[in-house]
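Residue-level listing of the chains:
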Amino acid sequence: MGIKTIKVTGVEQALADLTEELGFPLSGFVPHTTAVVQQHQIPVTNLLTYMRDVAGLATDGAVNLRQYRHGQSNPTYFLRCGEHNYVLRKKPPGNLLSSAHAVEREFKVMAAIANHGVPVPKCHFLCEDTSVIGTPFYLMDHVPGRIFKDPALPDMTKAERTAIYAAMCDVLVMIQSVNVEEAGLKEYGKEGSFWARQLKTWSRQYEGSKTSDIPAMEQLTAWLGQHLPAIQAREKKTIIHGDFRLDNLIFHPTRPEVVAVLDWELSTLGDPLVDLAQCCFMYHLPSGFPVIKGFAGMDVASMGIPTEKDFLALYCRRAALLRIKDWNYYIAFLFFRFTAIVQGVAKRVQLGQASGAEAEQIGRTVGQLAAAGVKYTEQGTPKLLKTSNISKSDKQPYTTMASCSSGQGLMPVTVSSLSPRAQDLHKRVKDFIDKNIASWEREYHEYHEKPETKWTVHPRVRELQAMAKRNGLFNLFIPLVSDPQQKYGACLTNVEYAYICELMGKYRIGPEVFNCQAPDTGNMEVLIKYGTEEQQEQWLKPLLAGEMRSCFGMTEPNVASSDANNIESSIARDGDEYVINGHKWWTSGAMHPDTKMCIFMGKTDRSAPKHKQQSMIIIPMNAPGIKIVRPLTVFGFDDAPEGHCEVLFENVRVPASNILLGEGRGFEIAQGRLGPGRIHHCMRLIGQAERALHLMIQRAVVYVLTTSRSGAAEGNVRQEDSGVRYRASGHRSLQDRHRTDSPAGTESSSHDGHSWKQECSF
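Please read these numbers as outputs of a predicted model, since none were measured by experiment.

*Asks:* In this structure, what is going on with the overall build of the protein? I would like to understand it.
*Replies:* Secondary structure summary: the protein contains 24 helices and 19 strands in total. Looking at the 762 residues of the protein, the share that counts as buried comes to 54%. Of the contacts made within the protein by residues no fewer than 6 positions apart, 73% connect residues no fewer than 24 positions apart. Total accessible area on the protein stands at roughly 34,100 Å², and carbon and sulfur atoms take up 52% of it.

*Asks:* Explain the pattern of salt bridges to me, please; I cannot follow it from the model alone.
*Replies:* When the charged atoms of two side chains lie near each other, side chains of opposite charge can form a pair. Per the counting criterion, the structure on display carries 28 salt bridges. The closest approach of N and O atoms between R318 and D170, which form a salt bridge, is 2.5 Å. One end of the pair, R318, is in helix α10 (residues 308–319); the other, D170, is in helix α5 (residues 158–176), and 148 residues separate them in sequence. Residues R318 and D170 agree in their burial class; the two are buried. In this structure, E441 and R691 form a salt bridge, with 2.6 Å as the shortest nitrogen-oxygen distance. Here E441, found in helix α16 (residues 441–449), pairs with R691, found in helix α22 (residues 666–707); they are 250 residues apart in sequence, far enough to count as distant. Members of the salt-bridge network, linked through shared partners, are R508, E512, D520, R549 and E642.

*Asks:* Just to check I follow, could you spell out the environment of T414 for this structure?
*Replies:* Tracing the backbone through its elements, the reader meets T414 in the loop between α14 (387–390) and α15 (420–436). For T414, a relative accessible area of 3% corresponds to the buried category. Each C-alpha atom, one on T414 and one on Y499, is 8.5 Å from the other, the two residues being 85 residues apart in sequence.

*Asks:* Is there a simple way to think about the sheet that holds strand β3 (residues 76–81) in this case?
*Replies:* Two strands in a sheet stick together by hydrogen bonds in their backbones, pointing the same way (parallel) or opposite ways (antiparallel). Strand order in the open sheet formed by six strands is β1-β2-β3-β4-β6-β5, with antiparallel pairing between adjacent strands. The open sheet has two edge strands with one neighbour each: β1 (33–34) and β5 (123–127). Here strand β4 (residues 84–90) pairs with strand β6 (residues 137–141) via five bridges, running antiparallel. Pairing of R89 across the sheet is with Y138, part of β6. Sheet strands touched by helix α3 (residues 103–113): β4, β5 and β6. Its angle to β5, the strand with the most contacts, is close to 150 degrees.

*Asks:* Explain the nonpolar core here, please?
*Replies:* Generally speaking, a soluble globular protein has its nonpolar side chains buried in company with each other. Counting 100 residues, the largest nonpolar core has I239, W264 and L276 as the members making the most contacts within it. Here I239 is in contact with V109, I113, I175, Q176, V178, V180, L185, W264, T268 and L269, once residues within four sequence places are set aside. Grouped together as the second largest cluster of nonpolar side chains are 54 residues, I500, C501, F514 and V526 included.

*Asks:* Sorry if this is basic, but what is going on with the pairing of strand β19 (residues 644–655) here?
*Replies:* Consecutive residues of a regular strand have side chains that alternate between opposite faces of the sheet. In the sheet, strand β15 (residues 577–588) pairs with β19 via nine bridges, with the strands oriented antiparallel. From the neighbouring strand, H583 faces β19, where its bridge partner is L648.

*Asks:* Explanation requested: helix α6 (residues 194–209) in the structure shown.
*Replies:* For an α-helix the count is 3.6 residues per turn, leaving residues at separations of three or four pointing the same way. Taking 1.5 Å of rise per residue, the 16 residues of α6 would be expected to cover 22 Å, and the 22 Å separating its terminal C-alpha atoms lies within 8% of that figure. Of all the residues in α6, the buried ones are F194, W195, R197, Q198, L199, T201, W202, Q205, Y206 and S209. N-capping of α6 is provided by S193, with a side-chain oxygen placed 3.3 Å from the backbone N of W195.

*Asks:* What is the right way to look at empty space enclosed by the protein in this model?
*Replies:* Following the criterion strictly, the structure yields six cavities of 30 Å³ or more and no others. Here the second largest cavity is characterised by a volume of approximately 110 Å³. Lining the second largest cavity are 13 residues, with R245, D247, M282, I292 and K293 sitting closest to its centre. Split into classes, the residues belonging to the lining of the second largest cavity amount to eight nonpolar, one polar and four charged.

*Asks:* Before we go on, may I ask you to explain the packing of α6 against helix α7 (residues 215–226) in this structure?
*Replies:* The angle between the axes and the distance between the axes are what describe a pair of packed helices. Packing of α6 against α7 leaves a shortest axis separation of 11 Å and a crossing angle of 165 degrees. Here α6 is positioned roughly antiparallel relative to α7, judged by the angle of their axes. Where α6 crosses over α7, the two elements pack in a sense that is left-handed. Of the residues in α7, those touching α6 at L199, S203, Y206 and E207 are M217, E218, T221, L224 and G225.

*Asks:* Would you mind showing me how to read the environment of P519 here?
*Replies:* Relative to the assigned elements, P519 resides in the loop between α19 (510–513) and α20 (520–530). In this structure the C-alpha to C-alpha distance between P519 and S550, which are 31 residues apart in sequence, comes to 7.0 Å. In contact with P519, not counting residues within four places along its chain, are S550, C551, F552, S588 and R673.

*Asks:* What is the right way to look at the packing of aromatic side chains in this model?
*Replies:* Aromatic ring pairs are reported here in terms of the distance separating the ring centres and the angle at which the planes meet. If you walk through the whole model with that rule in mind, you get 20 aromatic pairs. Their ring planes at 80 degrees and their centres at 5.6 Å tell us that W195 and Y329 sit as a pair that is edge-to-face. Of this pair, W195 sits in helix α6 while Y329 sits in helix α11 (residues 327–351); the two residues are 134 residues apart in sequence, bridging distant segments of the chain. Here the two residues W195 and Y329 agree in accessibility, since each one is buried. Taken together through their ring pairs, the aromatic side chains of F194, W195, W223, W327, Y329, Y330, F333 and F336 make up a single cluster. Sitting over the ring of Y578, R573 keeps its end group 5.2 Å from the ring centre. In this structure, K584 is placed above the aromatic ring of F600, and the distance from its NZ or CZ to the ring centre is 4.8 Å.

*Asks:* What's the story with the pairing of strand β9 (residues 258–261) in this structure? I'm lost.
*Replies:* Sheet topology places strand β8 (residues 249–251) next to β9; three bridges connect them, and they run antiparallel. The partner of F251 across the bridge, within β9, is V258.

*Asks:* Mind showing me how you'd approach a nonpolar patch on the surface here?
*Replies:* Together, I6, V8, L18 and L22 line one region of the surface with nonpolar side chains, adding up to about 310 Å² of accessible area. Within the secondary structure, I6 is located in the segment before α1 (11–22). For I6, a relative accessible area of 33% gives the class partly exposed.

*Asks:* When you look at helix α2 (residues 44–53) in this model, what are you seeing that I'm missing?
*Replies:* L47, L48, Y50 and M51 are the residues of α2 that are buried. For α2, the angular spread of the buried residues around the axis is 160 degrees, confining them to a single face. Relative to its buried face, α2 has exposed residues pointing more than 90 degrees away, namely T45 and D53. Among the structural elements, β2 (63–68), β3, β4, β5, α4 (130–133) and β6 are those in contact with the buried residues of α2.

*Asks:* Please clarify how the state of the cysteines should be interpreted in this entry.
*Replies:* Inspection of every chain in the model, using the stated rule, returns zero disulfides. Of all cysteine sulfurs, the one in C598 lies closest to C551, which takes part in no disulfide; the gap is 3.8 Å. For C551, a relative accessible area of 1% corresponds to the buried category.

*Asks:* Even after reading the chapter, I still don't get unusual backbone geometry, so can you show me in this structure?
*Replies:* A negative phi angle characterises most non-glycine residues, just as the trans form characterises most peptide bonds. A cis amide bond, omega 0 degrees, links A518 with the succeeding residue P519. Following A640, the chain continues into P641 via a peptide bond in cis, with omega recorded as 10 degrees. Its location among the elements puts P641 in the loop between β18 (626–632) and β19. Residues other than glycine seldom take positive phi values, yet D326 does so here, at roughly 65 degrees. Its location among the elements puts D326 in the loop between β11 (323–325) and α11. The phi dihedral of D639 falls on the positive side, at around 50 degrees, and the residue is not glycine. Tracing the backbone through its elements, the reader meets D639 in the loop between β18 and β19. A relative accessible area of 26% means that D639 is categorised as partly exposed.

Analysis parameters
- Within each chain, residue numbers correspond to sequence positions counted from 1 in written order.
- Since the coordinates come from a predicted model, pLDDT governs what is reported: local features require at least 70, and pairs of side-chain atoms require 80 or more to be given and counted, while whole-chain, interface and lining totals use all residues.
- Side-chain numbers here rest on the full set of heavy atoms in the structure, without hydrogens or water.
- Each helix corresponds to a stretch of at least 4 residues labelled H or I by DSSP, and each strand to a stretch of at least 2 residues labelled E; elements are numbered beginning at the N terminus.
- Between buried and exposed lies partly exposed: a residue is buried under 20% and exposed over 50% of the maximum accessible area for its type, with that area taken using a 1.4 Å probe on protein chains only.
- Note on contacts: a residue pair qualifies if any of its non-hydrogen atoms lie within 4.5 Å across the two residues.
- Surface accessibility in these figures is a Shrake-Rupley result with a 1.4 Å probe; residues are shielded only by whichever protein chains are displayed.
- What makes a salt bridge here is a side-chain nitrogen of Lys or Arg within 4 Å of a carboxyl oxygen of Asp or Glu, nothing more.
- Strands are treated as partners if at least two bridges between them are detected by DSSP.
- Convention adopted: a line fitted to C-alpha atoms gives each axis, helices being fitted over their contacting stretch, and angles between N-to-C directions are expressed from 0 to 180 degrees.
- Residues enter a nonpolar core if they are buried and are Ala, Val, Leu, Ile, Met, Phe, Trp, Tyr or Cys, with the set joined through side-chain atoms within 4.5 Å.
- A helix is expected to span 1.5 Å multiplied by its residue count minus one.
- Nitrogen and oxygen atoms within 3.5 Å of one another constitute a polar contact, given that in protein one can donate a hydrogen and the other can accept it, and given that sequence-neighbouring residues count only through two side-chain atoms.
- Using protein atoms alone on a 1 Å grid, points that fit a 1.4 Å probe yet trap it form a cavity, whereas open point sets bounded by protein on both sides within 12 Å along at least five of seven lines form a pocket; residues with an atom within 4 Å of a point count as lining.
- Grid points are joined across faces, edges and corners, and a volume is the space filled by probe spheres set on the points.
- Think of it as three bins: nonpolar holds Ala, Val, Leu, Ile, Met, Phe, Trp, Tyr, Cys and Pro, charged holds Asp, Glu, Lys and Arg, and polar takes everything else, Gly as well.
- An angle below 35 degrees is read as roughly parallel, one above 145 as roughly antiparallel, one from 65 to 115 as roughly perpendicular, and any other as oblique.
- Crossing handedness follows the turn of the near helix against the far one: under a right angle anticlockwise gives a left-handed crossing, and clockwise gives a right-handed one.
- Only Phe, Tyr and Trp rings take part, Trp by its six-membered ring, and two of them pair if their centres are within 6.5 Å. Stacked means planes under 30 degrees apart, edge-to-face means over 60, and tilted covers everything else.
- Two conditions define a charge located above a ring, namely a distance within 6 Å from the ring centre to NZ of Lys or CZ of Arg, and an angle within 35 degrees of the ring normal.
- Distance thresholds for patches are 9 Å for like charges and 5 Å for nonpolar side chains (Val, Leu, Ile, Met, Phe, Trp, Tyr), applied to residues having over 30% relative accessible area and no salt bridge.
- The directions considered for the arc run from the helix axis to the C-beta atoms.
- Disulfides are defined as cysteine sulfur pairs within 2.5 Å.

Below you can see the structure in the form of structure tokens.
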């Protein structure tokens, strides 16, 4: 019958015979990949030898090499060695344009920003030795997750689509907030005008790969050059990705969170709005465009996807921008650049070097793209786009306790203005507090008023902490900038956590239930940011689990120790140990029965420059020489069971490995610790003020109704209440000013990425 058969004697034998017959592998399938195409085969033995002998990576076990279908520029491979999954990215073979396919730059920027809050894969090494696999390449970890090639997100719900686009906007602002100098990328961009260099580079790329004359491209290039001076006059520089779009992001397998940003080949230092325009490019591309799909003309709002206007408004709020100038210039430039890129694809198809199966189809769209870009030049002079024209601003609500209608302001001033994920966490925390804490608070206070139970932990606290942990409401305070790999907490922004912190602050026990209480929050951040692996294993893990508490020893009774220069306590090296002597007070948490450690501030070298004299060290609270003198009171309250204590440290010895970050780094650590802590304290107090005002209004209503007071008396009460509301709202607005919508834990005054947002006039 003309049907070929295979005799089966075993599963492995049958698969091997069938694979040989079909000509492609039947095992080792990886989503989004295919068998390595012939022109991109690499010598696997050479690669494994380099990984093992030069990079020191394990190469034991079965090897599976696959090629990703995604991408038209640099061939990208999935590589499994035993239990380890990697991604290899290399330059394509053949003669290349001098500035194209820069995998070296990809590696450099990802390695640099990995510790600055931006989610990127861990990069292992860069190999520029072409004798290994034929072209330069680098190796990074494989990050599991979801990649959305269709921006319409057809398999998502409306709520999921909204959350995914909000997450994309958040990570874009995160990239632009990286301090270029601290990341070691000050020289990453070339000297001179970014915009002039962009036009020159892409014009050269286009001319170098041109296969025919396209009048529309000539017209587009001329218009961009004509209006270049106005754009150059406002140049600001941040890290830009260069090709920031939805399908270059890996999302968490189940949550709307970006876990990795890929494809940094075009990254540089330049105008941050170029990335925003790239992000919005899909609004200007038809849904049927090959590979990079768009949704021009589609009713995206009905799908839960923000319109371009709404997405720009969201970005402006996140980036604290008042207006965007010259938006049509940015979109026209995107068509110009994309035309040059696609022309390069067409040229590689002609030369037989294209790295994607759909490359030939893409190459045929060059003229179509250039013509589309010309339409934006026909709008005339670049336009000013004000945020007032993008979306209406929220009115400041009378209280955050009220339910607020959704709206779009320049900075979130209501819960409804936050990201969908933050809104969800806020609601869950509020529901948890209303159900489990509010009605139980009186019992908690009565328990700690009894002498026999004052300094013990109420059993119900343990139960509530376990419930909060099970519901994913533990450690919400940990900011993304401190936890770029998102290993420890919720990784919210300053603004997002501030509203949740306000909720917790309404009840004294609130923060502890969610493991968000001071001083443990600050101590945990110190250990996350500055602790060694050993210190994190011994102290951070139990703190994160809520299994222990800690205290912070800085304030001293005899000096104005809010200024660390005045600290008198000493930390002296003695062989393999440090000897600590000091007198501290207002050491919050020292009396808590679960407190096992203290982060102590003292001086290690009084002859050093004044900001290099201080150090911080970890002291176990059971170390000999520690004496808790007494709990101090605030307006008669001792805040049991934590207490604010006077503590003596007399010849306390600890291992030298307990020093944090090194001698002379204490002042630096203190600044990093106190930045987010200030916001936490203020927002908890605003929560208390909101609750007090709510109770005052309730009492006033009862008073007026039960005493039959005159209208004048009622008016006086209303006037007094409104005055308090005005002052409370003023304090919240003051906090809004300081908790700019950046990764929590980042202070705007110290980051280049924030300074441009405050000054620019886009």
